[in-house]
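# Remarks on the overall topology
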Amino acid sequence: MRNAENMGTKELHQRKKSPVVRGIVRTPADQRDLAVIAAALQRCAELLGIPENTLARQPFLSGEHFGMGDIPLGCFAYAWFEMPIERVGRVKPAEYK
């Protein structure tokens, strides 16, 4: 695998895109790097703890009222729950109110 020093800008940008989406949705099954995908899934799950902790205390990310920050989280959550992956220890969509 090439490192960042000898990659072109376009190639470096492509490598930085989500390994989960790129690895699961855009890559044929026989060409997937399962270790990279597993590490990325673990990191995504860890990061989802941030809004989950906030939403456990209040109805929306911005507090008592729906705000602009709730929209991108909703888009991400939709994609996350639609992806054919195992989600261990995370809140299920039906549990969101």
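Residues numbered from 1 in each chain as written. Predicted model: local features only at pLDDT ≥ 70, side-chain atom pairs only at ≥ 80, totals over all residues. Heavy atoms only, no water.

### Notes on the overall build of the protein chain
Threshold: Numbering of helices and strands runs from the N terminus, with a helix taken as a DSSP run of H or I at least four residues long and a strand as a DSSP run of E at least two residues long. Two residues qualify as a contact provided that any one of their heavy atoms is within 4.5 Å of a heavy atom in the partner residue.
Along the protein chain, the regular secondary structure elements total four helices and zero strands. Element order for the protein chain, N to C, with α for helix and β for strand: α-α-α-α. Within the protein chain, residue pairs in contact and separated by at least 24 positions form 35% of the contacts whose partners lie at least 6 positions apart.

### Structural notes on the packing of aromatic side chains
Using the following cut-off: In this scheme Phe, Tyr and Trp rings, the latter by its six-membered ring, pair at centre separations within 6.5 Å, and the angle between planes marks the pair as stacked below 30 degrees, edge-to-face above 60, and tilted otherwise. Only protein chains enter the accessibility calculation, which uses a 1.4 Å probe. A residue is then buried if its area is under 20% of the maximum for its type, exposed if over 50%, and partly exposed in between.
Inspection of the entire model under this criterion finds two aromatic pairs. Relative to Phe66, the ring of Phe60 has its centre 5.8 Å away and its plane inclined at 90 degrees; by these criteria the two rings are edge-to-face. Phe60 gets classed as partly exposed once you look at its relative accessible area, which sits at 26%. Note on Phe66: relative accessible area 55%, which makes it exposed.

### Things to note about the packing of helix α3 (residues 34-57) against helix α4 (residues 70-82)
Note the cut-off: Helix axes are fitted to C-alpha atoms over the stretch in contact, other axes to C-alpha atoms as well, and angles between N-to-C directions run from 0 to 180 degrees. For this classification, under 35 degrees means roughly parallel, over 145 means roughly antiparallel, 65 to 115 means roughly perpendicular, and everything else is oblique. Two helices crossing with the near one rotated counterclockwise from the far one by less than a right angle form a left-handed crossing, whereas a clockwise rotation gives a right-handed crossing. Side-chain classes are defined by residue name, with Ala, Val, Leu, Ile, Met, Phe, Trp, Tyr, Cys and Pro counting as nonpolar, Asp, Glu, Lys and Arg as charged, and the others, Gly among them, as polar.
Taken N-terminus to C-terminus, the directions of α3 and α4 make an angle of 135 degrees; their axes are 12 Å apart at the nearest point. It follows that α3 is oblique to α4 by the angle criterion. Along this stretch, α3 crosses α4, giving a crossing that reads as left-handed. Taken together, the residues of α4 that come into contact with α3 (itself represented by Leu41, Cys44, Ala45, Leu48, Pro51 and Leu55) are Leu73, Phe76 and Trp80. Each residue belonging to the contact of α3 with α4 can be placed in one class, and the counts come to nine nonpolar, no polar and no charged.

### Describing the confidence of the model for the protein chain
Test applied: Known as pLDDT, the predictor's confidence for each residue is given on a scale from 0 to 100.
When pLDDT is averaged across the protein chain, the result is 79; 72% of the residues are at 70 or more. Averaged over each element, pLDDT in the protein chain is lowest for helix α1 (residues 9-16) (56) and highest for α4 (89).

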